[in-house]
Amino acid sequence: AQRVTQPEKLLSVFKGAPVELKCNYSYSGSPELFWYVQYSRQRLQLLLRHISRESIKGFTADLNKGETSFHLKKPFAQEEDSAMYYCALIQGAQKLVFGQGTRLTINP
Amino acid sequence: DAGVTQSPTHLIKTRGQQVTLRCSPKSGHDTVSWYQQALGQGPQFIFQYYEEEERQRGNFPDRFSGHQFPNYSSELNVNALLLGDSALYLCASSFGGGPTGELFFGEGSRLTVL
C-alpha cells in the first residue's frame, strides 16, 4: 500500500541553523511528491512539488528514489518557518496520501 | 477571491445522528475533494467529486456519502455517527479533475460526536 512516513512529530531548531524535515514513502511506480504547510491560524497550502524542482521560501526537496525519500531542506531557518509540515504523494486522479506531519519550531 | 469556504465551522452531534457539511470551491475550480483529519494525524482522503460524480474514493464506509451540485459546490454526509467520526473535515478544490496534486484547502469543519 502507498504510504508516507514522517518520522519526526516535532522538530525544533535555532534561527539561522539548517533545517531538514524527513519524509519517506512507499509507492509502486513513479511517485509524485509534495510538501504542504500549515502556518498558525492559516489553512493548509502547497509549499512545493518535486516535479517543479523549484525553491520556495528557501526550501528545496529532492526526490531520492533509491532511498524512497523526499526530505525538505532549508540552509538557514527563519522564525516565520515555524509551522506544521506535511509530506504527501498523489495516487490516482487526485487522491493525496499524507504523512502524519512534523511540527517545526524555530527558536530565536 | 474568498477561496474555499466551508460550513459550519464547528458542530456537535451525538452518536447515531446524521451530519451534512458544505463546501464551496475556489472561484474557477470544478473539482472538490474531502479529507478527514483526526487529531495529531495527517488528512485522510474520503472522496473526490468532478462533473457531479464521485470519481475516486478512499477507505471509508458507505456511511460517508457526498454530492456535487451544478455550481460545483459539494456536500459531505455522514450517517449513523460514531465517536470515531470526531475530526476536522477538510474540503479541497482544484481544476479539471486531473492529477495536479495542487489542492486549495478550506479551513475545515470541526465535528465532535458525543
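Just above, that's the structure.
Overview of the structure. None of the values given here were measured: they were computed from a predicted structure. (Residues numbered from 1 in each chain as written. Chains lettered and ligands numbered in written order. Predicted model: local features only at pLDDT ≥ 70, side-chain atom pairs only at ≥ 80, totals over all residues. Heavy atoms only, no water.)

Considerations on unusual backbone geometry
Residue and element names in this part refer to chain B.
Now for step 1: Cis rather than trans, the peptide bond between Ser-7 and Pro-8 has omega equal to -10°.
Now for step 2: Phi is positive for Glu-52, close to 65°, though the residue is something other than glycine.
Now for step 3: With respect to the element layout, Glu-52 can be found in the loop between β5 (44–50) and β6 (53–57).
Now for step 4: The class for Glu-52 is partly exposed, based on a relative accessible area of 44%. (Helix = DSSP H or I, 4+ residues; strand = E, 2+ residues; numbered from the N terminus. Buried < 20%, exposed > 50% of the residue type's maximum accessible area, 1.4 Å probe, protein only.)

Regarding the side chain of Thr31(B)
Residues and elements named next belong to chain B.
Now for step 1: Within the secondary structure, Thr-31 sits in strand β4 (residues 31–37).
Now for step 2: A polar contact is formed between the side chain of Thr-31 and the side chain of Asp-30, at a distance of 2.9 Å.
Now for step 3: Aside from chain neighbours lying at most four places away, what touches Thr-31 is Gln-48, Tyr-49, Tyr-50, Gln-68, Ala-92, Ser-93, Ser-94, Phe-95, Gly-96 and Gly-97. (Polar contact = N/O pair within 3.5 Å; in protein donor to acceptor, adjacent residues only side chain to side chain. Contact = heavy atoms within 4.5 Å.)

A few points about the nonpolar core
Now for step 1: Counting 25 residues, the largest nonpolar core has Trp35(A), Leu72(A) and Tyr85(A) as its most contacted members.
Now for step 2: Within the residue set of this core, elements represented by two or more residues are β2 (10–14), β3 (19–21), β5 (33–38), β6 (45–49), β9 (83–91) and β11 (102–107) of chain A.
Now for step 3: At four residues, the largest contribution of residues to this core is made by β9(A).
Now for step 4: Counting residues in each nonpolar core, the second largest holds 20 residues, with Val32(B), Tyr49(B), Phe64(B) and Leu111(B) among its members. (Core = buried A, V, L, I, M, F, W, Y, C linked by side-chain atoms within 4.5 Å.)

Brief notes about the environment of Leu47(A)
Residue and element names in this part refer to chain A.
Now for step 1: Mapped onto the elements, Leu-47 comes out in strand β6.
Now for step 2: Given a relative accessible area of 6%, Leu-47 falls into the buried group.
Now for step 3: Here the alpha-carbon distance between Leu-47 and Tyr-27, two residues 20 residues apart in the chain, equals 21 Å.
Now for step 4: Residues in contact with Leu-47, not counting those within four places in the same chain, are Trp-35, Tyr-36, Val-37, Ile-56, Phe-59, Leu-72 and Tyr-85.

Some points on the sheet that holds strand β8 (residues 74–78) of chain B
Residues and elements named next belong to chain B.
Now for step 1: The sheet built from four strands is open, its strands ordered β1-β3-β8-β7 with antiparallel pairing. Two strands in the sheet have a free side with no partner beyond their single neighbour: β1 (5–7) and β7 (64–68). Between one strand axis and the next, the sheet turns by 20° as a mean value, whatever way the strands run.
Now for step 2: Pairing of strand β3 (residues 19–24) with β8 involves five bridges; the strand directions are antiparallel. Bridge assignment links Arg-22 to a residue of β8, and that residue is Glu-75. (Pairing = 2+ DSSP bridges. Axes fitted to C-alpha atoms, helices over the stretch in contact; angles between N-to-C directions.)

Geometry only, nothing functional implied.
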